[in-house]
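Geometric and topological summary
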Amino acid sequence: MIESICVYCGSNPGFDPAFRAAAISLGTEIGRRGQRLVYGGSHLGMMGALADAVLAAGGKVTGVMPGLLVDKEAAHRGLSELRVVNSMHERKMLMADLADGFVSLPGGYGTLDETFEIATWAQLGLHAKPVVLWNVSGFYDPLFTFLDGIVSAGLLRPQHRALIRQAQTLDEVYARLAEPVEASGGKWLPGDLR
Ligand code: AMP
C-alpha cells in the first residue's frame, strides 16, 4: 500500500506549460487519494505548484529541506510539516525513508540526481520501493534512449534498467507504482556484468 509518495521535480517551472500542469494533476491526485506528499519543501517552480495542489485537494505535505535553503527563503511556509535537516545528503535519505514510492517529473540536475540515486539504492537492494519516471511531453525520451545504450554497452543489467519504470500519463504513474518490486539485492555483485 502506497500511503506516502516522494516526488522529485524541477525547482523551475520550465517552458512547456504541460510540466506545471502535470505537477498540479499529480498533486491533486495525491490529495484526492488521501496520500502524503514528501518532497524537497520549496515553494518554487513545479515543486511549489505540486505542493499547493496536494494541499488544495486536502492532502498532507512533508517538506524536507536543509537549513541552508530554509535560510534562503526557498521554503514553502504553508506545509503540513517542514523537516529541517543538516545537509543535502541527510535530506535525500530522510525523503527516501519517509516514502513508499518515488515519482520523478521533468527537472534539472537536482531531479536527475535524486532519481538516479534512488534507482541506485534499489539496484543495491537497499530498498524495494517503486521508482517511476513520468515522461511528460516526451521530456525523458532522450534519457530512455541513453539508458538503453548503457545496457547495450554492457554497463547496466536489463533488470536494473527496468528499475526506472516509465509512465506516459497520470493513470500509468499509479499503475506503475502499484506493480510489485523485485528485490535485486544479493543476486549479483556490483561489477560482475559480462
Ligand atoms: P532541479 O531539478 O535541479 O530544479 O532540482 C529540483 C530537485 O532538487 C527537487 O526534487 C528538490 O528535491 C531538489 N532541489 C533543488 N533546488 C531546490 C530548492 N531551491 N529548494 C528545494 N529543493 C530543491
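Structure first, text after, so check above.
What comes next is a walk through the structure. Remember, it's a predicted structure, so these values are computed and weren't measured experimentally. (Residues numbered from 1 in each chain as written. Predicted model: local features only at pLDDT ≥ 70, side-chain atom pairs only at ≥ 80, totals over all residues. Heavy atoms only, no water.)

**Overview of the nonpolar core**
Here is the rule we go by: Definition of nonpolar core: a set of buried residues of the types Ala, Val, Leu, Ile, Met, Phe, Trp, Tyr and Cys, connected through side-chain atoms within 4.5 Å. When accessible area is computed with a 1.4 Å probe and restricted to protein chains, residues below 20% of their type maximum are described as buried, those above 50% as exposed, and intermediate ones as partly exposed. Strands here mean DSSP runs of E at least two residues long; helices mean DSSP runs of H or I at least four residues long; both are numbered from the N terminus. Only heavy atoms matter for contacts: two residues are in contact if any of them lie within 4.5 Å across the pair.
If you look at the biggest cluster of nonpolar residues, it comprises 27 residues, and the most contacted ones within it are V7, L26, L37 and L105. Elements that contribute at least two residues to this core include exactly β1 (4-8), α1 (17-32), β2 (36-39), α2 (45-56), β6 (131-134) and α8 (170-178). Apart from residues no more than four positions distant in its own chain, V7 is found in contact with L26, I30, L37, V38, Y39, L50, V103 and L105. One finds C6, Y8, V85 and A99 within the second-largest nonpolar core, a separate group that totals 13 residues.

**Some details on the packing of aromatic side chains**
The test is simple: Planes of paired rings set the category: under 30 degrees apart is stacked, over 60 is edge-to-face and the rest tilted, where pairs are Phe, Tyr or Trp rings (Trp by its six-membered ring) whose centres lie within 6.5 Å. Only when the NZ atom of a Lys or the CZ atom of an Arg is both within 6 Å of the ring centre and within 35 degrees of the ring normal do we say a charge sits over the ring.
As enumerated under the stated definition, the model contains three aromatic pairs in all. With a centroid separation of 4.7 Å and 80° between ring planes, the pair formed by F139 and Y140 is classed as edge-to-face. A cation over an aromatic ring shows up here: R33 above the ring of Y174, its NZ or CZ 3.7 Å from the ring centre.

**Section: the side chain of T115**
Quick note on the threshold: Here a polar contact means two N or O atoms within 3.5 Å. Within protein one must be a hydrogen donor candidate and the other an acceptor candidate, and residues neighboring in sequence count only if both atoms are side-chain atoms.
Looking at the element boundaries, T115 is found in helix α5 (residues 109-123). Taking relative accessible area as the criterion, T115 reaches 3% and is therefore assigned buried. At 2.6 Å, the side chain of T115 forms a polar contact with the side chain of S104. Sequence-distant contacts of T115, that is, excluding residues within four places in its chain, are made with Y8, S104, L133 and I164.

**Considering the site of the ligand**
Our working definition: Consider each residue's heavy atoms; a residue with any of them within 4 Å of a molecule or strand counts as near. For the area figures, the Shrake-Rupley method with a 1.4 Å probe applies, and any residue is considered shielded solely by the protein chains shown. Residues are sorted three ways: Asp, Glu, Lys and Arg are charged, Ala, Val, Leu, Ile, Met, Phe, Trp, Tyr, Cys and Pro are nonpolar, and all the rest, Gly among them, are polar.
In the region of the ligand, 16 residues are neighbours, and S11, G108, G110, T111 and E114 sit closest. For the ligand, an oxygen atom lies 2.5 Å from a polar atom in the side chain of E114. Protein chains bury 86% of the 480 Å² of accessible surface belonging to the ligand in isolation. Examining the composition of the shell around the ligand, we find that four residues originate from one element, α5, more than from any other. Of the residues that constitute the shell around the ligand, the class distribution is six nonpolar, eight polar and two charged.

**Description of the packing of helix α4 (residues 88-98) against α5**
For clarity, the threshold we go by: Structural elements are reduced to axes, namely lines fitted to C-alpha atoms, with helices fitted over the stretch in contact, and the angle between N-to-C directions of any two is expressed from 0 to 180 degrees. Just so you know how the angles are binned, under 35 degrees is roughly parallel, over 145 roughly antiparallel, 65 to 115 roughly perpendicular, and the rest oblique. The hand of a helix crossing depends on one turn: near helix anticlockwise from the far one by less than a right angle means left-handed, and clockwise means right-handed.
Here α4 crosses α5 at 60°, and the two axes come no closer than 11 Å. With respect to their mutual orientation, α4 and α5 come out oblique. Judged by the twist between their axes, the crossing of α4 over α5 is right-handed. Judged by residue contacts, R91, K92, M93, M95 and A96 of α4 engage D113, E114, E117, I118 and W121 from α5. Broken down by class, the residue content of the contact of α4 with α5 amounts to five nonpolar, no polar and five charged.

**Here's the deal with the environment of N86**
Of note, N86 is situated in the loop between β4 (81-85) and α4. For N86, a relative accessible area of 70% puts it in the exposed group. Measuring from C-alpha to C-alpha, the distance between N86 and V151 comes to 36 Å, with 65 residues separating the pair along the chain.

**Some thoughts on unusual backbone geometry**
Backbone geometry places S137, a non-glycine residue, at a positive phi of 55°. The residue S137 is located in the loop between β6 and α6 (141-152) in this model. A relative accessible area of 51% places S137 in the exposed class.

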